[in-house]
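Chains, contacts and geometry: an overview
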Amino acid sequence: METIGWIILCGLSWFVIKGVIVYIAYKRTLSTMDSFFVAERSFGVIVTLFAWMGTMFSAYMFLGLVGMAYKSGLGVMIQWYIISLMPLSFILIGIPAWKLGKKYGYVSPIDLFVDRYESKFLRYWLAIMSLFVCVPYLIMQCVGGGWVLQGATGGQIPYWVGVVILAIVMACYLIPGGFKGMSWVDAVQGGLLSAVLASATIFLYLKAGGDLAGVTQKIIAAKPLDKLLTIPGLVPVWTYNMFIFMGVMGFSWGLFPQMYPRYYAARDEKVIVIFALIFGLIAPLMFFHTTILGQITRILIPGLTGKQVDSVLALAIGKFAPKWLTGMLIAAVFGAIISTSGGFILSAAALITKDIYKPLAKGKSEKHVVMVGRILILVIILISVLIALNPPTYLVFLGLIAFAVGIQMAPLMFAAYYWPRGNKYGAIAGSLVGMGILIFHLFLGEKYLYTSLWGIPPGLLAFVPNLAIFIVVSLLTKPSSEETIEKFHGLLKRTYMPKKG
Amino acid sequence: MGILQTTKGRIFCAIFVVLVIFAFWPGPLGPSIGYNIYEPLFFGWLPGWLFFRYCIYYIIWIVTLIFAWVVVMPLVKHKKEGD
C-alpha cells in the first residue's frame with residue numbers, strides 16, 4: 001500500500017475511535033454551560049494532565065519547534081525556562097481560580113475578572129485580548145495540519161485539502177462533545193501519540209547513522225553550523241532579552257485564558273497540584289525530543305529555507321520512514337493538532353458565549369446559550385481556516401504574537417488573587433498601554449515581532465510599562481469596594497491561611 | 001491568597017527567584033556557560049550549557065515539589081471555608 005493509503009487508513013481508524021468517545025461524552029453532557037465548557041468540575045489528575053498535554057504538545061511543538069531547532073539550533077531548549085516555572089504558576093494561579101470558579105460558578109476567566117474589578121468594559125476588552133491569544137494559536141494549528149499532510153505525502157495531498165480536512169474533523173468532535181469529549185479523547189490518545197512519535201524519532205535517528213555524537217561532529221565540521229550547538233544560535237534568536245521574556249512568559253502561562261477551563265474542571269485543588277508536578281516532570285522530555293529531531297533533520301535534509309523549515313519533520317518522515325509508520329505518525333500528529341485547536345476553540349467559544357453573548361441575551365435558557373456556543377465553535381473554525389489558507393511565514397511568529405498578548409493580561413490577573421489594592425482603573429490603563437505597544441509593533445512588520453528597542457522582545461517591552469502603570473494608577477485611584485475585596489481576597493485568605501494552634 | 005502570606009511561602013518564592021536567575025541567565029551576570037560555546041560535549045553530543053540547564057531544571061522541579069508538599073498541600077487539605 002502507498003503512503004497516502006496508510007495515512008487514510010490510520011486517519012479513518014483514529015476518526016472512528018474518537019467518534020465513539022465523543023458520542024459517549026455527548027450522551028453524558030448536559031445542556032448547561034457548566035457541563036459543556038467545564039465538564040461539571042469533575043476531572044481527576046489523569047484526564048486533567050492528558051487534556052493539558054494534548055493542548056500543549058501541538059503543531060507548535062512538533063513543527064514550529066523542530067523547525068526552529070533546525071534553523072537556530074539547540075537554543076530552542078530555553079523553552080525549558082518557560083516550563084520550569086509552569087508548575088509553580090499552575091499551583092499559585094490554579095488553586096485560587098478553582099476556588100473562586102467553584103464558589104461563584106465561573107466557566108470563563110473573564111467572568112472572574114469582571115467581578116473582581118467591577119468593570120463591564122473589562123468584559124469586552126479582556127474578551128478581545130483573549131481572542132488575540134487563542135486565534136493565532138488556532139491558525140498555527142490549521143497551518144500545521146496542512147503542512148503535515150502535504151509534506152508526508154510529497155504533495156499528493158495539497159496544503160489546502162489538509163487544512164479543510166482538519167477543520168471538518170475538529171467540527172465533528174468539538175461541537176457535540178464539548179470540553180468533556182475533547183478531554184477524554186486527549187486522555188486516550190496521549191499515550192499512543194507519545195509512543196508513535198518516539199518510534200519515528202528512533203527511526204530517523206537510525207537513518208542519520210544511529211550516532212548522535214556523529215551527527216554533532218558533522219554539524220561542528222560544517223561551520224558556521226556549529227553555532228547550532230550554542231546560544232544565541234545560528235540565527236541569533238536566543239539572546240539575554242529572550243531569556244527574560246521567556247521567564248516572564250513561563251510564570252504568566254498559568255494565567256493564560258486557555259488554562260482556566262482546566263482549573264475549573266478539576267475535582268479539587270489537589271488535582272491541580274499533582275497535575276502541575278507530573279507535568280513539570282515529563283514535559284522537558286518532550287521538548288528534548290523535538291529539539292534533537294531538529295538536529296537530526298539538519299543532517300538528513302540540509303538547506304531548507306523559508307516556510308519549508310516548519311515542515312522539515314514531515315518532509316523527513318515522508319522521505320525516510322516506512323509507509324505504515326508515516327501513516328500512523330501523520331494520524332497521531334493530526335490528532336495532537338486537533339486536540340490543541342480544540343482547547344483554544346472551546347476557550348474562545350466560552351469567552352464569547354458567556355462574556356459577550358449571554359449578557360446581551362437576557363432571559364435566554366442555558367440550553368439556548370450552549371447551542372450558541374456550539375455555533376460559535378463552527379464560526380471560529382471557519383475563520384481560522386480562511387486565514388490559514390494564506391499563512392504567514394513562520395509558525396513561531398504566530399506563537400510569539402499569542403504569547404506577547406497573553407503576558408499583557410498577567411498583571412491584572414495575578415493581582416486579582418494576590419493584590420487587593422489593584423483596581424479597574426489600573427487594570428484598564430495598564431493593559432491598554434501594553435496592547436497599544438504590541439499593536440504598534442505589528443504595524444512595524446515581522447522583523448520587530450522578535451526584537452524591538454534595545455533588542456528587547458516586544459512582549460516584554462510592552463509588559464514593563466503595563467505593570468508599572470497598573471500599579472501606579474491603582475495606587476492613585478479609588479480601590480475596589482470592600483464587598484468585592486471580601487468576596488475574593490477575604491474568601492481566599494480564610495480558605496488558604498494556615499490555621500493557628 | 002494565603003499561600004504567599006505565610007513565611008514558608010515567601011521563603012520558597014525567594015528561593016525560586018534566585019534559582020531561576022542563577023540557572024538560566026546566559027551571560028556575565030550568571031553562569032556564562034554556553035554563550036557562543038558548546039564545549040564540553042557530554043556523551044560526545046550534549047553541549048555543557050545544555051547539560052547544566054537540564055540538571056538545574058530538575059533542581060527547580062524538586063524545589064517545586066517540596067514547596068507543594070510542605071506549603072501547599074497542608075493548606076488545601078483543610079476543611080474549606082464556604083464549602
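Preceding this section is the structure that the text describes.
Below or above, wherever it landed, is the structure these notes cover.

Analysis parameters
Residues numbered from 1 in each chain as written. Chains lettered and ligands numbered in written order. Predicted model: local features only at pLDDT ≥ 70, side-chain atom pairs only at ≥ 80, totals over all residues. Heavy atoms only, no water. Patch = residues over 30% accessible without salt bridge, like charges linked within 9 Å, V, L, I, M, F, W, Y side chains within 5 Å. Areas by Shrake-Rupley, 256 points an atom, 1.4 Å probe, with all protein chains shown as cover. Salt bridge = Lys/Arg side-chain N within 4 Å of Asp/Glu carboxyl O. Helix = DSSP H or I, 4+ residues; strand = E, 2+ residues; numbered from the N terminus. Axes fitted to C-alpha atoms, helices over the stretch in contact; angles between N-to-C directions. Parallel < 35°, antiparallel > 145°, perpendicular 65-115°, else oblique. Left-handed = near helix turned anticlockwise from the far one by under 90°. Contact = heavy atoms within 4.5 Å. Nonpolar A, V, L, I, M, F, W, Y, C, P; charged D, E, K, R; others polar. 1 Å grid on protein atoms, 1.4 Å probe; cavity = no way out; pocket = protein on both sides within 12 Å on 5 of 7 lines; lining within 4 Å. Points joined across faces, edges and corners; volume = space filled by probe spheres on them. Buried < 20%, exposed > 50% of the residue type's maximum accessible area, 1.4 Å probe, protein only. Expected span 1.5 Å × (residues − 1). Polar contact = N/O pair within 3.5 Å; in protein donor to acceptor, adjacent residues only side chain to side chain. Buried area = accessible area lost by both parts, 1.4 Å probe. Phe/Tyr/Trp six-rings, centres within 6.5 Å; stacked < 30°, edge-to-face > 60°. Lys NZ or Arg CZ within 6 Å of the ring centre and 35° of its normal. Bend = angle between axes of the 7 residues up to and from the residue.

A cluster of nonpolar side chains, contributed by V16(A), V20(A), Y23(A), I24(A) and Y26(A), occupies part of the molecular surface with about 480 Å² of accessible area. Along the chain, I24(A) falls in helix α1 (residues 3–28).

All names here are of chain A. Between helix α7 (residues 120–152) and helix α15 (residues 366–388), the least distance of the axes is 9 Å, while the angle of their chain directions is 60°. When the axes of α7 and α15 are compared, the pair comes out oblique. The interaxial crossing formed by α7 with α15 has right-handed handedness. Where α7 approaches α15, its residues L138, I139, C142 and V143 are matched on the opposing element by I380, S384, V385, I387 and A388. For the contact of α7 with α15, the residue count by class is 8 nonpolar, 1 polar and no charged.

The volume enclosed by the largest pocket comes to roughly 810 Å³. Taken together, 29 residues form the lining of the largest pocket, with G247(A), V248(A), F251(A), F463(A) and V17(B) sitting closest to its centre. It is helix α20 (residues 458–476) of chain A that provides the largest number of residues to the lining of the largest pocket, a total of 6 residues. In terms of residue class, the lining of the largest pocket is built from 27 nonpolar, 2 polar and no charged. What lines the second largest pocket is a set of 18 residues, among which G11(A), L12(A), I165(A), V169(A) and F334(A) lie closest to the centre. Looking at the lining of the second largest pocket, the elements with two or more residues in it are α1, α8 (159–207) and α14 (323–360) of chain A. Per element, the largest residue contribution to the lining of the second largest pocket is 7 residues, and it comes from α1(A). Classifying every residue of the lining of the second largest pocket gives 15 nonpolar, 2 polar and 1 charged.

Residues and elements named next belong to chain A. Under the counting rule described, the total for this entry stands at 5 salt bridges over all chains. Close ionic contact of K180 with E40 constitutes a salt bridge, the shortest N to O distance being 3.1 Å. On the criterion of sequence distance, the pair formed by K180 in helix α8 and E40 in the loop between α2 (33–38) and α3 (45–56) is long-range, its members being 140 residues apart. By relative accessible area, E40 is classed as partly exposed at 31%. Here R123 and D111 are joined by a salt bridge, their closest N and O atoms 3.8 Å apart. Of this pair, R123 sits in helix α7 while D111 is found in helix α6 (residues 109–117), placing the two residues 12 residues apart along the sequence.

Right, let's talk about α7(A) for a bit. Residue and element names in this part refer to chain A. Between the first and last C-alpha of α7 there are 48 Å, a value that for 33 residues agrees with the 48 Å anticipated at 1.5 Å per step. Counting buried positions along α7 yields 25 of 33 residues, so the element is predominantly enclosed. Put simply, S119 is the residue that caps the front of α7, since its side-chain oxygen is 3.4 Å from the backbone nitrogen of F121. The positive-phi residue at the C-terminal boundary of α7 is G154, with phi of around 60°.

Let us now look at the interface of chain B and chain A. Residue-level contacts link 45 residues of chain B with 56 residues of chain A. Carbon and sulfur atoms make up 75% of the area that chain B and chain A hide from each other, which totals about 4800 Å². For the pair chain B and chain A, the interface holds 0 salt bridges. Applying the counting rule to chain B against chain A returns 4 residue pairs in polar contact (both at pLDDT 80 or more). At the level of secondary structure, the elements contributing two or more residues to the side of chain B that touches chain A comprise α1 (7–24), β2 (46–47) and α2 (48–77) of chain B. For the side of chain B that touches chain A, the leading source of residues is α2(B), giving 16 residues.

With that settled, consider the packing of aromatic side chains. In this description, an aromatic ring pair is defined by two values, namely the gap between the centres and the angle between the planes. Residues and elements named next belong to chain A. Within the structure shown, the criterion is met by 19 aromatic pairs over all chains. Between the aromatic rings of F90 and F275, the centroid separation amounts to 5.4 Å while the plane-to-plane angle is 10°, which identifies the pairing as stacked. One end of the pair, F90, is in helix α5 (residues 79–104); the other, F275, is in helix α12 (residues 269–300), with 185 residues separating them in the sequence. Taken together, F113, Y260, Y263, Y264 and Y417 form an aromatic cluster joined through their ring pairs. Residue placement shows R116 over the ring face of Y117; its charged tip is 4.8 Å from the ring centre.

This paragraph deals with α14(A). Residue and element names in this part refer to chain A. Here α14 is 38 residues long and its end C-alpha atoms lie 53 Å apart, about the 56 Å a rise of 1.5 Å per residue gives. In the structure, α14 departs most strongly from a straight axis at T353, where the bend amounts to approximately 30°. With respect to burial, α14 is a largely interior element, 30 of its 38 residues being buried.

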